[in-house]
Amino acid sequence: MTKPTTRYQRFFAESKRRHVFRVAAIYGGTSFVVLQAADLMLPRLGLPDWTVTFLVVLVVLAFPVALIAAWVFDLTPEGVRKTDDAAPEEIDRIVAQPASKRWASGLLALAGVVVLVLGAVWVGRQTAPGADEAADTDRTLAERRLALAEAEDDSRPAIAVLPFVNMSADPDQEYFSDGITEELLNTLARIRELKVTARTSTFAFKGRQLDMRDLGDSLGVEFLVEGSVRKAGDQLRITAQLIDAEDGSHLWSDQFDRELDDVFAIQTEIARAIAAELRVSLGLDEAEKLVSPTANLEAYDLYLAGRARVKERGESLVDAVRLFEEAIGSDSTWAPAWAGLAEALELISWYEAAWEEPPTDQGEQEAIRDVYWDRAERAARRALELDPDNASAHVALGSVLRNRGQWQASEAAYLEALANDPDNAEAYQQYAELLASVGRETESVRVARRAAALDRVPIRLAMLAFALLKAGHDDEALEVVEEGMRLDPEGRVNHLATAKWLILVNSRRFEALRPALAQSSLFADADEPFALVDQFIEALHAGSLDGLPTEFQNRFLDSGQSYFMVHLGQHARAAERLLETARSSPRWALVIVWMPLFDPIREHPAYLEALRVLNLEGVAPDRPEP
């Protein structure tokens with residue numbers, strides 16, 4: 001007696017007859033291959049990341065459609081047509097087949113489904129936002145913890161690289177010896193078990209004969225590297241020695257006589273020798289990863305010359321851009337040249353004297369800056385395509401994004417730079433500026449302190465002063481400014497003077513502003529400017545314009561600064577003036593908007609609108625406990 005067939009047996013038999021299982025198996029295997037190929041090839045064709053994600057979704061959604069089509073239609077020699085109904089007893093014959101034959105097609109279909117799911121999940125994870133970071137979470141988190149730790153909690157051996165002496169016959173080769181110094185410093189900075197002092201600190205001692213112990217104390221380091229460079233044609237001689245700063249003793253020294261194209265190998269050898277002497281790990285899978293070489297020595301020479309121009313700032317940035325572009329022309333696949341170009345373009349956007357034509361108004365000024373930022377972003381992203389670990393490119397990209405108010409993306413770039421280079425003082429400097437701009441003043445102070453600890457030079461101290469001001473620590477901010485001014489007696493870093501002015505205004509130390517106020521446009525035309533300034537200072541202390549000449553009151557209300565208006569009780573006018581500043585000079589507005597003196601007007605509609613204009617809607621300042 002034949003065993004009656006169940007409903008599910010007849011359904012699976014019908015599916016087999018209609019080739020549904022075969023379609024499932026073929027579709028799953030083919031889709032897996034297609035998705036893997038797409039994950040590999042589409043990004044290399046310059047297509048956006050969402051293209052791969054879209055393909056995954058399309059393949060998955062099309063799977064049930066393919067099964068339904070297989071059920072309804074059949075492919076015959078005459079073409080596609082609707083599947084015929086089963087012949088009498090055809091289903092029973094399929095059900096009666098041996099299990100090994102009956103289930104083979106079902107198992108193949110199941111394998112196809114599994115392969116399709118695995119392929120979709122794998123590709124989806126690879127293309128999901130943050131996929132690359134998730135694959136390396138432990139390393140990244142550890143490095144970021146190191147980068148953002150308090151300076152006093154960093155117990156790594158501290159080392160500084162002193163400017164190598166130019167021993168070449170041609171004094172114009174000074175840029176080359178300086179470049180070798182900086183490249184060696186960058187190489188050592190990639191050894192994560194060493195704390196490396198920034199170049200600007202060490203170059204402050206260039207040409208000065210000082211005791212090594214005094215140098216160690218001044219730089220706050222335990223070890224010093226010094227040496228010399230002699231370049232003659234394609235011949236190169238580099239000497240280097242490692243010195244214990246505590247007693248001035250020499251721990252290691254060597255001389256390298258090589259051809260010029262061995263310059264990258266020499267940097268690696270010096271780094272290896274120093275790491276071995278200090279008994280620290282290189283911290284990399286391969287020592288060769290300590291440097292980013294180029295086979296084109298002309299590109300390297302142009303790059304070093306460009307770096308020298310960047311340090312000079314101002315109009316020298318025009319030459320820097322040209323030199324980096326020429327370096328790229330010699331080797332378009334060398335990431336450092338692209339990163340250098342990105343940095344120079346971002347910097348030049350703030351030096352109007354270096355522009356080909358001065359802007360005629362605020363709108364044109366912003367338009368020119370946008371052009372520089374676009375070029376800088378393209379260069380930074382190209383550098384990161386070539387070398388995703390290039391810290392300078394991440395910093396330049398972060399600064400461009402910050403300039404545009406793209407706060408989250410900017411922060412991600414700075415954190416990536418610090419993960420790759422925990423001793424990058426410039427990254428700390430720019431990141432601190434971002435944090436101060438978005439009201440995260442507690443964090444800004446901590447990050448700015450780290451920048452100053454690594455590189456205690458005027459520009460870093462100016463940033464620390466701004467951070468302390470916004471955090472409500474006026475006394476310490478003023479001390480930091482005074483230290484910066486002692487290090488910069490010629491006043492080259494004008495940010496220090498700006499910081500001091502704002503600190504004095506915020507802390508109501510108006511008498512200290514008397515000489516500067518007398519020379520400002522508000523008082524310059526007065527018959528007795530100092531007498532009028534004294535009346536103005538009395539009004540500031542009293543919190544009222546009463547007592548000042550009516551003509552001056554009107555003039556001040558028309559053109560005065562928003563921070564003075566707050567002190568004079570003109571809260572509505574102060575908020576409206578701040579809104580005007582946010583629209584016309586957003587960069588300056590970000591400098592002052594979080595000053596504590598503005599606390600009384602933070603709920604005023606004009607102040608809230610200023611925050612919206614600055615892409616800071618809903619943000620409130622986070623300051624450390626007093």
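Residues numbered from 1 in each chain as written. Predicted model: local features only at pLDDT ≥ 70, side-chain atom pairs only at ≥ 80, totals over all residues. Heavy atoms only, no water.

1. Overview of the overall build of the protein
As a reminder, the rule being used: Strands here mean DSSP runs of E at least two residues long; helices mean DSSP runs of H or I at least four residues long; both are numbered from the N terminus. Three labels apply to residues, based on accessible area from a 1.4 Å probe with only protein chains included: buried if under 20% of the type maximum, exposed if over 50%, partly exposed otherwise in between. Each accessible area value is a Shrake-Rupley result obtained with a 1.4 Å probe; residue values ignore everything except the protein chains displayed when judging cover.
A count of helices and strands for the protein gives 30 helices and eight strands. Residues classed as buried in the protein amount to 48% of the 626 residues present. A total accessible area of about 31000 Å² is found for the protein, and carbon and sulfur atoms account for 53% of it.

2. What to know about the pattern of salt bridges
Definition in use: Salt bridge, as used here: a side-chain nitrogen of Lys or Arg that lies within 4 Å of a carboxyl oxygen of Asp or Glu.
Considering all chains together, one arrives at 31 salt bridges under this definition. Between R237 and D257 there is a salt bridge; the shortest N-O distance is 2.5 Å. One end of the pair, R237, is in strand β7 (residues 235-244); the other, D257, is in strand β8 (residues 250-259), with 20 residues separating them in the sequence. A relative accessible area of 45% means that D257 is categorised as partly exposed. Note that R322 is salt-bridged to E326, the shortest N-O span being 3.2 Å. In this pair, R322 and E326 both sit in helix α14 (residues 316-330), four residues apart, roughly one turn of the helix. The class for R322 is partly exposed, based on a relative accessible area of 37%. Using a relative accessible area of 35% as the deciding quantity, one classes E326 as partly exposed.

3. Description of the packing of aromatic side chains
What counts is decided by this rule: Note on aromatic contacts: the rings of Phe and Tyr and the six-membered ring of Trp form a pair at centre separations within 6.5 Å, being stacked when their planes are under 30 degrees apart, edge-to-face when over 60 apart, and tilted otherwise. Should the NZ of a Lys or the CZ of an Arg lie within 6 Å of a ring centre and within 35 degrees of the ring normal, that charge is described as sitting over the ring.
One pass over the structure, following the stated rule, counts 15 aromatic pairs. On the basis of an interplanar angle of 85 degrees and a centroid distance of 5.4 Å, the ring pair of F536 and F564 is categorised as edge-to-face. Taken together, the residues F536 in helix α25 (residues 529-542) and F564 in helix α27 (residues 562-567) connect sequence positions 28 residues apart. In terms of burial, F536 and F564 fall into one category: buried. Taking the ring centre of F176 as reference, the NZ or CZ of K231 above it sits at 4.5 Å. When the ring centre of W350 is taken as origin, the NZ or CZ atom of R587, which lies over that ring, is 4.2 Å away.

4. Looking at helix α13 (residues 297-312)
Convention followed: Helix span, expected: 1.5 Å multiplied by one less than the number of residues in the helix. Contacts were defined at the residue level, with two residues in contact if any of their heavy atoms lie within 4.5 Å. Any N or O atom pair separated by 3.5 Å or less is treated as a polar contact, with the protein-specific requirement of one donor-capable and one acceptor-capable atom, and with residues adjacent in sequence counted only for side-chain atom pairs.
Given a rise of 1.5 Å per residue, 16 residues ought to cover 22 Å, and the 23 Å separating the end C-alpha atoms of α13 matches this to within 8%. Those residues of α13 lying buried are A299, Y300, L302, Y303, L304, A305, G306, R307, A308 and V310. Of the surrounding elements, those touching the buried residues of α13 are α9 (174-189), α12 (263-277), α14 and α15 (335-348). Measuring from the backbone nitrogen of E298 back to the side-chain oxygen at the start of α13 gives 3.0 Å, which picks out N296 as the cap. Once α13 finishes, R313 follows within two positions and takes phi at roughly 60 degrees, a positive value.

5. A look at the nonpolar core
This is how the line gets drawn: What makes a nonpolar core is a set of buried Ala, Val, Leu, Ile, Met, Phe, Trp, Tyr and Cys residues whose side-chain atoms join them at distances within 4.5 Å.
Counting residues in hydrophobic clusters, the biggest one holds 82 residues, and the most contacted among them are F536, F556, F564, F598 and Y607. In terms of nonpolar packing, the next biggest core, distinct from the first, is built from 72 residues, I159, L304, I328 and A344 among them.

6. Observations concerning helix α16 (residues 362-386)
Look at α16: 36 Å from first C-alpha to last across 25 residues, which is about the 36 Å you get at 1.5 Å a residue. Those residues of α16 that fall on the buried side of the exposure criterion are Q365, I368, R369, Y372, W373, A376, E377, A379, A380, A383 and L384. Buried residues along α16 sit in contact with α15 and α17 (391-403).

7. Examining the packing of α17 against helix α18 (residues 407-420)
The criterion, for reference: In this description, a line fitted to the C-alpha atoms serves as the axis of each element, helices being fitted only across the stretch in contact, and the angle between N-to-C directions of two axes falls anywhere from 0 to 180 degrees. Put simply, angles under 35 degrees are roughly parallel, angles over 145 are roughly antiparallel, angles from 65 to 115 are roughly perpendicular, and the rest are oblique. Handedness of each helix crossing follows the sense of rotation of the near helix against the far helix: counterclockwise by less than a right angle gives left-handed, clockwise gives right-handed. Amino acids are sorted into nonpolar (Ala, Val, Leu, Ile, Met, Phe, Trp, Tyr, Cys and Pro), charged (Asp, Glu, Lys and Arg) and polar (every other residue, Gly among them).
Direction vectors running N to C along α17 and α18 enclose 165 degrees, while the axes themselves pass 8 Å from each other. With respect to α18, the axis of α17 lies roughly antiparallel. When the axes of α17 and α18 are compared, the crossing they make is left-handed. Taken together, the residues of α18 that come into contact with α17 (itself represented by A391, H394, V395, L397, G398, S399, L401 and R402) are W407, A409, S410, A413, Y414, E416, A417 and N420. Across the contact of α17 with α18, the residue classes tally to nine nonpolar, five polar and two charged.

8. Quick word on the packing of helix α21 (residues 458-470) against helix α22 (residues 474-487)
Running from N to C, α21 and α22 point in directions that differ by 165 degrees, and their axes come no closer than 8 Å. Comparing the axis directions of α21 and α22 gives the class roughly antiparallel. Here α21 runs over α22; the crossing is left-handed. Counting all contacts with α21, which are made through P458, L461, L464, A465, L468 and L469, the residues of α22 involved are D474, E476, A477, V480, V481, E483, G484 and L487. Residues belonging to the contact of α21 with α22 are distributed by class as follows: 10 nonpolar, one polar and three charged.

9. A look at unusual backbone geometry
Positive phi outside glycine occurs at R508, with the angle close to 65 degrees. Here R508 shows up in the loop between α23 (494-506) and α24 (514-519). Overall, the relative accessible area of 34% leaves R508 in the partly exposed class. For N615, which is not a glycine, the phi torsion comes out positive at approximately 60 degrees. Mapped onto the secondary structure, N615 falls in the segment after α30 (605-613).

10. Here we look at the side chain of S177
Relative to the assigned elements, S177 resides in helix α9. Since its relative accessible area comes to 0%, S177 is described here as buried. Polar contacts involving the side chain of S177 include one to the main-chain carbonyl oxygen of E174, which spans 2.9 Å.

11. Some thoughts on the confidence of the model for the protein
The predicted coordinates ought not to be read in detail in places where the model reports low pLDDT. The condition that has to hold: You can read pLDDT as the predictor saying how much it trusts each residue, on a scale of 0 to 100.
Per-residue confidence for the protein gives a mean pLDDT of 80; residues scoring 70 or more make up 75%. Long-range and interchain partners of residues 128-142, a stretch whose pLDDT sits below 50, account for four contacts in this model, where long-range means more than four residues apart. Note that pLDDT drops below 50 for residues 282-288; the model gives that stretch 14 contacts with residues more than four away or on any other chain.

12. Observations concerning the environment of R450
Examined against the element boundaries, R450 turns out to sit in helix α20 (residues 441-454). Considered as a pair, R450 and L464 are 14 residues apart in the sequence and their alpha carbons are 9.3 Å apart.

13. A few points about the environment of S437
Among the secondary structure elements, S437 is positioned in helix α19 (residues 425-437). Through-space distance from the C-alpha of S437 to that of A467 is 9.5 Å; in sequence the pair is 30 residues apart. Residues contacting S437, with those up to four places away along its chain left out, are W407, L590, W594 and L616. In terms of polar contacts, S437 uses its side chain to reach the backbone carbonyl oxygen of E433, at 2.8 Å.

14. A look at the pairing of strand β3 (residues 158-161)
Worth spelling out the cut-off: For two strands to count as paired, DSSP must find a minimum of two bridges between them.
Burial along β3 is two-sided: A158 and A160 facing one way and I159 and V161 facing the other are all buried. Pairing analysis gives two bridges linking β3 to strand β5 (residues 195-196), with the strands arranged parallel. The residue of β5 that forms the bridge with A158 is K195. Relative to strand β6 (residues 223-232), β3 runs parallel, the two being bridged by three bridges. Across the sheet, residue I159 finds its bridge partner in β6, namely F223.

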